[in-house]
Amino acid sequence: MTFTSNNANCTIASTTLTAALAGGCTVTATKAADTNYNQATATVAVTTSLNAQTITFGANPGPVTYAPGRHFSPSRPPAAAH
């Protein structure tokens, strides 16, 4: 079984469809012929939309002092407990 999209709004990897752009696409599924059956094809219209993304930063930790010739390692806060 193979799956294809008619445009770049949908990308397909193996059996996973990803909405790459808002809009829509037509997905075609094709099953190759074998000794018992002829080739079969089916299509489905898919509407895609993208949601707004929000990125939130914590409080600014303040200025970082750097002295030439010295090393420092940026770090990140520990992950929040789930």
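One structure accompanies this document, and this report is about it. (Residues numbered from 1 in each chain as written. Predicted model: local features only at pLDDT ≥ 70, side-chain atom pairs only at ≥ 80, totals over all residues. Heavy atoms only, no water.)

With respect to the environment of K31
Here's step 1: Tracing the backbone through its elements, the reader meets K31 in strand β4 (residues 23-31).
Here's step 2: Sequence separation of K31 and F3 is 28 residues, and the distance between their C-alpha atoms is 9.1 Å.
Here's step 3: Excluding anything up to four places from it in sequence, K31 contacts M1, Q39 and A40. (Helix = DSSP H or I, 4+ residues; strand = E, 2+ residues; numbered from the N terminus. Contact = heavy atoms within 4.5 Å.)

A short note on the pairing of strand β3 (residues 16-19)
Here's step 1: Where strand β2 (residues 10-13) meets β3, four bridges bridge the pair, whose relative direction is antiparallel. Looking at β3, one finds that I12 is bridged to L17.
Here's step 2: Linkage of β2 to β3, two consecutive antiparallel strands, is achieved through a turn of two residues, within which S14 is found at a positive phi near 60°. (Pairing = 2+ DSSP bridges.)

Quick look at unusual backbone geometry
Here's step 1: With a phi angle near 60°, S14 is a residue other than glycine that sits in the positive phi range.
Here's step 2: One can find S14 in the loop between β2 and β3.

Considering the environment of A22
Here's step 1: Structurally, A22 can be placed in the loop between β3 and β4.
Here's step 2: Sequence separation of A22 and T47 is 25 residues, and the distance between their C-alpha atoms is 7.9 Å.

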